[in-house]
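Here is what each chain is made of, one letter per residue.
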Amino acid sequence: MSAGYQAVLWNRQKKRYDLTILAGILLYIGLFVGLGAALRPEATPETLIIRAFGTLALLMLHVILSVGPLARLDRRFLPLLYNRRHLGVSMFLCALVHGAFSMIQFHALGDVNPLVSLLAGNPQYASISAFPFQTLGFVALGILFLMAATSHDFWLANLSAPVWKALHMLVYVAYLLLVLHVALGILQTERNLVLIGLLVGGFGWIVTLHLVAGFREKPGDAPHRGDVIDGYLHACAVADIKDKRARIVCISGERVAIFRNGDTISAVSNACQHQNGPLGEGRIVDGCITCPWHGYQYEPETGASPPPFTEKIPTFNVRVVSGEVYVDPEPNPAGQRAEPAPIRGSS
Ligand code: HEM
Ligand code: FES
């Protein structure tokens, strides 16, 4: 949360996550280079390093793109989402090693500027077999750099959440460029069935996973229909909401998280101010709604983060009548107090 900025706040969970990433990277590179040297003695160390880091970066990108939809489909994947940005920065560093070694190997040994050699050395954009595929990798690396450089919450707060989110959606453009980078590059010179299978299978996996997760989400966006009393829309029964948990209902085109906090009901926007995490899938911890993605907290009645934090989300006025919850479809400004509705004594 944004009371002040520190470069990186490492807690035990993050340290364990980062050590696991580092161990995975070292294991993959060690195995790839070791096995590659044993099975293909003609391959130079530079080629093995380029291939090890290139394939690893693409593999990590597949994991990164899978984590979001997997967490939507099964809550057990949420811990992976918690620190996804560190995975993203690690993936960028691996891609950078691959790109830098490729630049040295293929462009730095002549008398032309390496960047000119990369971008203008091969103008055959109309050819499939001789397409300048490295340019695609270069553009993708540029996007990954932008994302890694702005991954800290400092940039999230300063760019504003919608701009930051739009920038980070470019990861899908980078992914498509990289699929083409490999399909028009190495797969044109080496018809390696394993690589083709992995690329096509990986692409199919990402597309299917996103479609399935989107399909599961769709009913949640269907406008809720119910009786209206004094302008308040019937949302659900109190009995449908477990204590400290929420029910998510789509009202006026926006998802509203209706929380039960002991003997009262409160409603807030379902979108966390951090990265739009689904607040209604979180719980109330220490009196605050706690986002299931990275743990941002909001008071149920004000939608404001507890001091010294400054995030705010819109609240909704609620009423409880005969054990049924009614919500005013008009949201209150972010951070404005809405009186919690008592469950008992409602008539
Ligand atoms: C400046 C940017 C880049 C350059 C100059 C570049 C260059 C290259 C070259 C020359 C190859 C063929 C290497 C060979 O014959 O073995 C290659 C392949 C590949 N690249 Fe890139 N690349 C760049 C960015 C990226 C990025 C950002 C990724 C992934 C995140 C990536 C992933 C791959 C993969 C998976 C392969 C196929 C395996 C291999 O041969 O290494 N590349 N790239
Ligand atoms: S989305 Fe990150 S804490 Fe809510």
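Residues numbered from 1 in each chain as written. Chains lettered and ligands numbered in written order. Predicted model: local features only at pLDDT ≥ 70, side-chain atom pairs only at ≥ 80, totals over all residues. Heavy atoms only, no water.

Some words on the overall build of the protein chain
Here is step 1: When its secondary structure is counted, the protein chain shows eleven helices and twelve strands.
Here is step 2: Taken over the C-alpha atoms alone, the protein chain extends approximately 80 × 40 × 35 Å along its principal axes.
Here is step 3: Residues classed as buried in the protein chain amount to 40% of the 347 residues present.
Here is step 4: Sequence-distant contacts, at least 24 apart, represent 56% of the contacts inside the protein chain between residues at least 6 apart.
Here is step 5: About 18,500 Å² of surface is accessible on the protein chain, with carbon and sulfur atoms providing 65% of the total.
Here is step 6: Looking at charge distribution, the protein chain has the averaged site of its 27 positive side-chain charges lying 5 Å from that of its 24 negative ones. (Helix = DSSP H or I, 4+ residues; strand = E, 2+ residues; numbered from the N terminus. Buried < 20%, exposed > 50% of the residue type's maximum accessible area, 1.4 Å probe, protein only. Contact = heavy atoms within 4.5 Å. Areas by Shrake-Rupley, 256 points an atom, 1.4 Å probe, with all protein chains shown as cover. Lys, Arg positive; Asp, Glu negative; His and termini not counted. Charge placed at Lys NZ, Arg CZ, Asp CG, Glu CD.)

Notes on the pattern of salt bridges
Side-chain pairs of opposite charge can arise where the charged atoms are in close proximity.
Here is step 1: Tallied over the full model, the rule gives seven salt bridges.
Here is step 2: A salt bridge links R51 to E190; its shortest N-O distance comes to 2.9 Å. Of this pair, R51 sits in helix α2 (residues 45–73) while E190 sits in the loop between α10 (186–189) and α11 (193–217), and the two are 139 residues apart along the sequence.
Here is step 3: Its salt-bridge partner being D74, residue R76 comes within 2.7 Å of it at the nearest N-O pair. (Salt bridge = Lys/Arg side-chain N within 4 Å of Asp/Glu carboxyl O.)

With respect to the environment of L70
Here is step 1: Note on placement: L70 falls in helix α2.
Here is step 2: L70 gets classed as buried once you look at its relative accessible area, which sits at 17%.
Here is step 3: Between the C-alpha atoms of L70 and G262, which are 192 residues apart in sequence, the distance is 31 Å.
Here is step 4: With sequence-adjacent residues up to four places away left out, L70 is seen in contact with F77 and L209.

Some thoughts on the site of ligand 1
Here is step 1: Taken together, 21 residues form the shell around ligand 1, and within it R51, G54, H98, L178 and H181 come nearest.
Here is step 2: The separation between an oxygen atom of ligand 1 and a polar side-chain atom of R51 is 2.5 Å.
Here is step 3: The set of elements that each furnish at least two residues to the shell around ligand 1 consists of α2, α4 (84–107), α6 (133–149) and α9 (171–183).
Here is step 4: Here the shell around ligand 1 takes six residues from α2, the largest share from any one element. (Near = heavy atom within 4 Å. Polar contact = N/O pair within 3.5 Å; in protein donor to acceptor, adjacent residues only side chain to side chain.)

Considering a positive patch on the surface
Here is step 1: A grouping of R75, K242, R245 and R283 is seen on the molecular surface, where their side chains present a positively charged patch.
Here is step 2: Here R75 is to be found in the loop between α2 and α3 (78–82). (Patch = residues over 30% accessible without salt bridge, like charges linked within 9 Å, V, L, I, M, F, W, Y side chains within 5 Å.)

Observations concerning unusual backbone geometry
Here is step 1: Going from P307 to P308, the amide bond is cis rather than trans, its omega being 10 degrees.
Here is step 2: Positive phi, normally seen in glycine, also occurs at K244, with a value near 70 degrees.
Here is step 3: Turning to its location among the elements, K244 is positioned in the loop between β2 (232–237) and β3 (246–251).
Here is step 4: Notably, D286 is not glycine yet its phi reads approximately 50 degrees, a positive angle.

Topic: the sheet that holds strand β6 (residues 283–285)
Here is step 1: Judged by pairing direction, the sheet is antiparallel, and its three strands sit side by side in the order β6-β7-β8 without closing on themselves. Strands with a single pairing partner mark the edges of an open sheet, and in this sheet they are β6 and β8 (297–298).
Here is step 2: As judged from the three bridges shared by β6 and strand β7 (residues 288–290), these two strands associate in the antiparallel manner. Directly across from R283, in β7, lies its bridge partner T290. (Pairing = 2+ DSSP bridges.)

Here we look at α6
Here is step 1: Taking 1.5 Å per residue, 17 residues should reach 24 Å; α6 reaches 25 Å between its end C-alpha atoms and fits that length.
Here is step 2: By the burial criterion, the buried members of α6 are T135, L136, G137, A140, L141, I143, L144, M147 and A148.
Here is step 3: On its buried side, α6 packs onto α4, α5 (114–120), α8 (161–169) and α9. (Expected span 1.5 Å × (residues − 1).)

What to know about the domain arrangement of the protein chain
One frequently used descriptor of interface size is the decrease in accessible area upon assembly of the parts.
Here is step 1: Considered domain by domain, the protein chain is made up of domain 1 (12–219) and domain 2 (228–342).
Here is step 2: Taken together, the contacts link twelve residues of domain 1 with twelve residues of domain 2.
Here is step 3: The junction of domain 1 with domain 2 conceals about 1,100 Å² of combined surface from both sides, 41% of it contributed by carbon and sulfur atoms.
Here is step 4: Where domain 1 meets domain 2, there are one salt bridge.
Here is step 5: Its salt-bridge partner being E281, residue R72 comes within 2.9 Å of it at the nearest N-O pair.
Here is step 6: At the junction of domain 1 and domain 2, the tally comes to three residue pairs in polar contact (both at pLDDT 80 or more).
Here is step 7: Its residues assigned to classes, the side of domain 1 that touches domain 2 shows six nonpolar, no polar and six charged. (Domains from an automatic or database assignment. Buried area = accessible area lost by both parts, 1.4 Å probe. Nonpolar A, V, L, I, M, F, W, Y, C, P; charged D, E, K, R; others polar.)

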